[in-house]
Each structure stands twice: as C-alpha cells, then as structure tokens.
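Structural description and commentary
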2 protein chains.
Amino acid sequence: MKESSRKQGAASPCAACKLLRRRCVEDCVFAPYFPAEEPHKFASVHKVFGASNVNKMLQELPEYQRGDAVSSMVYEANARVRDPVYGCVGAISSLQQQIDKLQAQLALAQAEVVHMRMRQLADFPNSPQINANKQSRHQQQKSHFDMDNLEDSFWH
Amino acid sequence: MKESSRKQGAASPCAACKLLRRRCVEDCVFAPYFPAEEPHKFASVHKVFGASNVNKMLQELPEYQRGDAVSSMVYEANARVRDPVYGCVGAISSLQQQIDKLQAQLALAQAEVVHMRMRQLADFPNSPQINANKQSRHQQQKSHFDMDNLEDSFWH
C-alpha cells in the first residue's frame, strides 16, 4: 500500500513536497499522509505548525500512530485557521459548557423522579402497586439478610 | 503596564527572546505574553507551533485578542506535548463521549418522569392533587376560551 503510493509519488510529488517545492524522495515522511489530491490538508498544518515541526513530530512517532497524529493535527490546524484566537480550545470550552448544562438538567430530572416516588409513597401508602413494590423490596432485603446470616453462621 | 514590562525587558529579555537567543527589542511581539519568569510557556508553543508561526499569528491579530490567543496556543501546545498523537483532539473526543453518555442518562430520567406521571394519572384518577392540577389547567383553558369569545364578539 505504502509502496504503491510511493510509486505514484515518483510520478507526482506528495502535497507536502509540492507546496515546499522539493523533490519527493522514496521514503518521504509526508507522502503516505498527504496525497497530492488533498493539498488543503498539508497547507493547513504547514500554516499552523510549520512543515519542519510536523516532520519532527511524525519522526518521533512509530509508523502505526502517524496516521492518527496527522488527522488530529489537520483537525487542530483547521480549527485554528477558522478561529485564530481560540482554535480547538474554543470547541473544548463550548463542549465543557454543554456538559455543565446537561449535568444540571440531569440532576433536576433525577431529583424530580425521587420527589415523585416520595410523594407517591406518602399520598398512597395503601396502593397495591406500591405495596407490591415494597413487598418485592422487602423480599430482596430479606434474602440479603438471610445470606448475611448464612455467612455469619459459616464464619462463627 | 506594557511599558513597565518592557522596561523590565530591557534589563532581562522575555522568555521567547531568551530561548531564541536574540535581542529583546522595545516593541517585541512576544514580551507582553511570555515573561522571563515563565520560560515553559514559550518553550511549549515554540516546540509545537514554531516561533515564526506564533509571531505571524500574533501579528495578524489586534492587540486586545493576543492574550487569549497566547493562552489557547499554550493550552494546545501543552496538550500536544503530553499526548503527541491526539493532542487537544483527545480531550474533544473524550468530552464528546461524556456528552453522549449524559444525553442518554437525561433521556432515561426524563422518560421515567413522564412514565411516572402517566401511571399516577391512570392509577389514581380521583387523587385530590391530580384533580387540583386538572382544575387549574381547566381554568387556564377556560380563561383562554373566554378571551377568544371576547375577541369573537369584538370582531363580528
């Protein structure tokens, strides 16, 4: 797969070498991740991180992690091009706000469930459904209790 | 404020100029954001974005936005140093997963509230509380209806 893309690269340089106007060598570190047909990917990371830094970062990683590293760098660079002040951090801040809002909504909904259960129990103590629930809970507790007793008698 | 920091800068260069081993001039673009006493801030952005790119990005922004831009770049650079494969994007992905989980929990809790309300209504149609709610809703509807009648008689 890599070899075939390099053969193609021999005919036309990868997007990185084309932008940097340099010869695309056979073991070019950019070629597998920046194909000629996607020039914008390299243009963004070059603008934000610089070709030399991208090269260094890729060289420091094992080959199997380089694809993911390039994808995350392209994402980050595009975010910085779109929003030169906050970049990716703007997205992080907005997701964090969304989480705070959802946590507050969840706490409210859960409090309402507890409140409704308590009210149901207080208003209708003789409800067959509630008594059935109570009985089932009592049975569960009883079986735990029996289990405890069994363990007690086993250990003492 | 800026002037006093530049006076200080005249005695000792800012963290950026110190690392780049260059003279810290009076209008140095880095000096207000990379004080000598915080050398790690510039070291990170230099390693990830490159000094020349940081310089360019700051020059392209109005002064009042540069402080925020530096903070977000330092955050992003630190994330990339900690996690060279995913950087900031790792945090985005984990926040997104947290949001998906919270949304599912919220949907469940809200469904439980609706279910309990429906059951309460079906099980205890003569509950004084439910009847009080019903009456209040009926009154609200009635007052709307009266309003409509009033409008009707006005227009016809």
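Basis of the calculations
Residues numbered from 1 in each chain as written. Chains lettered and ligands numbered in written order. Predicted model: local features only at pLDDT ≥ 70, side-chain atom pairs only at ≥ 80, totals over all residues. Heavy atoms only, no water. UniProt positions renumbered as here; feature names shortened; annotations may be inferred. Helix = DSSP H or I, 4+ residues; strand = E, 2+ residues; numbered from the N terminus. Expected span 1.5 Å × (residues − 1). Buried < 20%, exposed > 50% of the residue type's maximum accessible area, 1.4 Å probe, protein only. Least-squares fit on C-alpha atoms with pLDDT ≥ 70 in both. Contact = heavy atoms within 4.5 Å. Core = buried A, V, L, I, M, F, W, Y, C linked by side-chain atoms within 4.5 Å. Buried area = accessible area lost by both parts, 1.4 Å probe. Salt bridge = Lys/Arg side-chain N within 4 Å of Asp/Glu carboxyl O. Nonpolar A, V, L, I, M, F, W, Y, C, P; charged D, E, K, R; others polar.

Some thoughts on the UniProt feature "coiled-coil region" (unreviewed entry) in chain A
Residues given the UniProt feature "coiled-coil region" (unreviewed entry) here are residues 92–119 of chain A. Helix makes up 100% of residues 92–119 of chain A and strand makes up 0%, while its end C-alpha atoms are separated by 40 Å.

Some remarks on helix H6 (residues 87–123) of chain B
What sets the pattern is the α-helix's 3.6 residues per turn: residues three or four places apart point alike. Between the first and last C-alpha of H6(B) there are 55 Å, a value that for 37 residues agrees with the 54 Å anticipated at 1.5 Å per step. Among all positions of H6(B), only B:Gly87, B:Cys88, B:Val89, B:Ile92, B:Leu95, B:Ile99, B:Leu102, B:Leu106, B:Ala109, B:Val113, B:Met116 and B:Gln120 are buried.

Digging into the relation of the copies chain B and chain A
Taken as rigid bodies, chain B and chain A are interconverted by a rotation of 180° and an axial shift of 0.0 Å, the fit giving an RMSD of 0.1 Å. Those values place the two copies in the arrangement expected of a two-fold rotation axis. Of every C-alpha in chain B, the one belonging to B:Phe49 sits nearest the axis of rotation, 2.1 Å from it. Mapped onto chain A, 100% of the interface residues of chain B again fall at the interface, so both copies present the same surface.

Considering the UniProt feature "domain: LOB" (unreviewed entry) in chain A
Under the feature "domain: LOB" (unreviewed entry), the UniProt entry names residues 12–113 of chain A. End-to-end, the C-alpha atoms of residues 12–113 of chain A are 64 Å apart, and along that stretch the chain is 71% helix and 0% strand.

Thoughts on the nonpolar core
The nonpolar side chains of soluble globular proteins are, as a tendency, buried together. One finds A:Phe30, A:Phe34, A:Phe49, B:Phe30, B:Phe34 and B:Phe49 to be the most contacted residues of the largest nonpolar core, which totals 52 residues. Of all elements in the fold, only helix H2 (15–20), helix H3 (39–48), helix H4 (51–59) and helix H5 (63–82) of chain A together with helix H2 (15–20), helix H3 (39–48), helix H4 (51–59) and helix H5 (63–82) of chain B reach the threshold of two or more residues within this core. With near-sequence residues (within four places) excluded, B:Phe34 lies in contact with B:Cys14, B:Ala15, B:Ala16, B:Lys41, B:Phe42, B:Val45, B:Val54, B:Val70 and B:Val74. In this structure, A:Ile99, A:Leu106, B:Val89 and B:Leu95 belong to the second largest nonpolar core, which totals 18 residues.

Describing the interface of chain B and chain A
Much of the literature gives interface size as the accessible area that the parts lose upon coming together. Contacts between the two partners involve 45 residues from chain B, matched on the other side by 45 residues from chain A. Roughly 4200 Å² is buried in total at the junction of chain B and chain A, and carbon and sulfur atoms are behind 62% of that figure. Among the residues chain B hides against chain A, the three largest losses belong to B:Val85, B:Ile92 and B:Met116. Together they make up 13% of the total. Summed over the shared surface of chain B and chain A, the number is five salt bridges. Residue A:Glu112 pairs with B:Arg117 through a salt bridge whose shortest N-O separation is 2.3 Å. The leading source of residues in the side of chain B that touches chain A is H6(B), at 22 residues. Of the residues assigned to the side of chain B that touches chain A, the class counts are 22 nonpolar, 14 polar and nine charged.

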